[in-house]
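# Coordinates in review
Letter by letter, the chains look like this.
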Amino acid sequence: MQLTEITYDEAMPIEGYGPGFFRIGGQRLEGACLISPWGAGAWGGLEDSETPMTLVGRIDVLFVGMGGDVAHVPKAFRDTMEAAGMGVEVMSSPAACRTYNVLLSEGRRIAVLLLPV
């Protein structure tokens, strides 16, 4: 079996998560957060569409991790993101972390919003 090391260039992958936190670039972020190839920080949750709108034109797909389970995002939130040209993919936060890291390693134009597990 041949193993291939994953590289992320300048971007920071999600290193881990646990109850109420995510670890990115050696930092522990508490609560809901936005992670992109350019940085990571707090996000105000599903009522906050302004924070992810800062990525318009820089990403093609926005993953939304809904915590431990899959749930729908509010229609107004999805409509706002899609009207701005960002595809929205909803999944559990653990799945969103894994998917983000894989596509980040491929150099894809992505970001992820995460609600804590």
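Residues numbered from 1 in each chain as written. Predicted model: local features only at pLDDT ≥ 70, side-chain atom pairs only at ≥ 80, totals over all residues. Heavy atoms only, no water.

Looking at an unreviewed UniProt entry, one finds the protein chain named Mth938-like domain-containing protein, with Cereibacter changlensis as its source organism.

### Quick look at the overall build of the protein chain
Within the protein chain, the secondary structure is distributed over three helices and eight strands. Listing each helix as α and each strand as β along the protein chain from the N terminus yields β-β-β-β-β-α-β-α-β-α-β. Compactness check: the protein chain gives a C-alpha radius of gyration of 14 Å against a globular reference of 13 Å for 117 residues, within 12% of the reference. Judged by the C-alpha coordinates and their principal axes, the protein chain covers about 45 × 30 × 25 Å. (Helix = DSSP H or I, 4+ residues; strand = E, 2+ residues; numbered from the N terminus. Rg over C-alpha atoms; globule rule 2.2 N^0.38 Å.)

### Describing the layout of surface pockets
Each pocket or cavity is described by its volume, and for the largest pocket that value is around 180 Å³. Lining the largest pocket are 13 residues, and of these Tyr 8, Ala 11, Pro 37, Leu 104 and Gly 107 lie nearest its centre. Residues that form the lining of the largest pocket fall into these classes: five nonpolar, three polar and five charged. (1 Å grid on protein atoms, 1.4 Å probe; cavity = no way out; pocket = protein on both sides within 12 Å on 5 of 7 lines; lining within 4 Å. Points joined across faces, edges and corners; volume = space filled by probe spheres on them. Nonpolar A, V, L, I, M, F, W, Y, C, P; charged D, E, K, R; others polar.)

### Re the pairing of strand β7 (residues 87-91)
With five bridges connecting them, strand β6 (residues 61-66) and β7 associate as parallel partners. Within β7, the position partnered with Val 64 by the bridge is Val 90. You can see the chain leave β6, run along helix α2 (residues 75-83) and come back into β7, and the turn it takes is right-handed. (Pairing = 2+ DSSP bridges. Right-handed = clockwise from strand over helix to strand, strands pointing away.)

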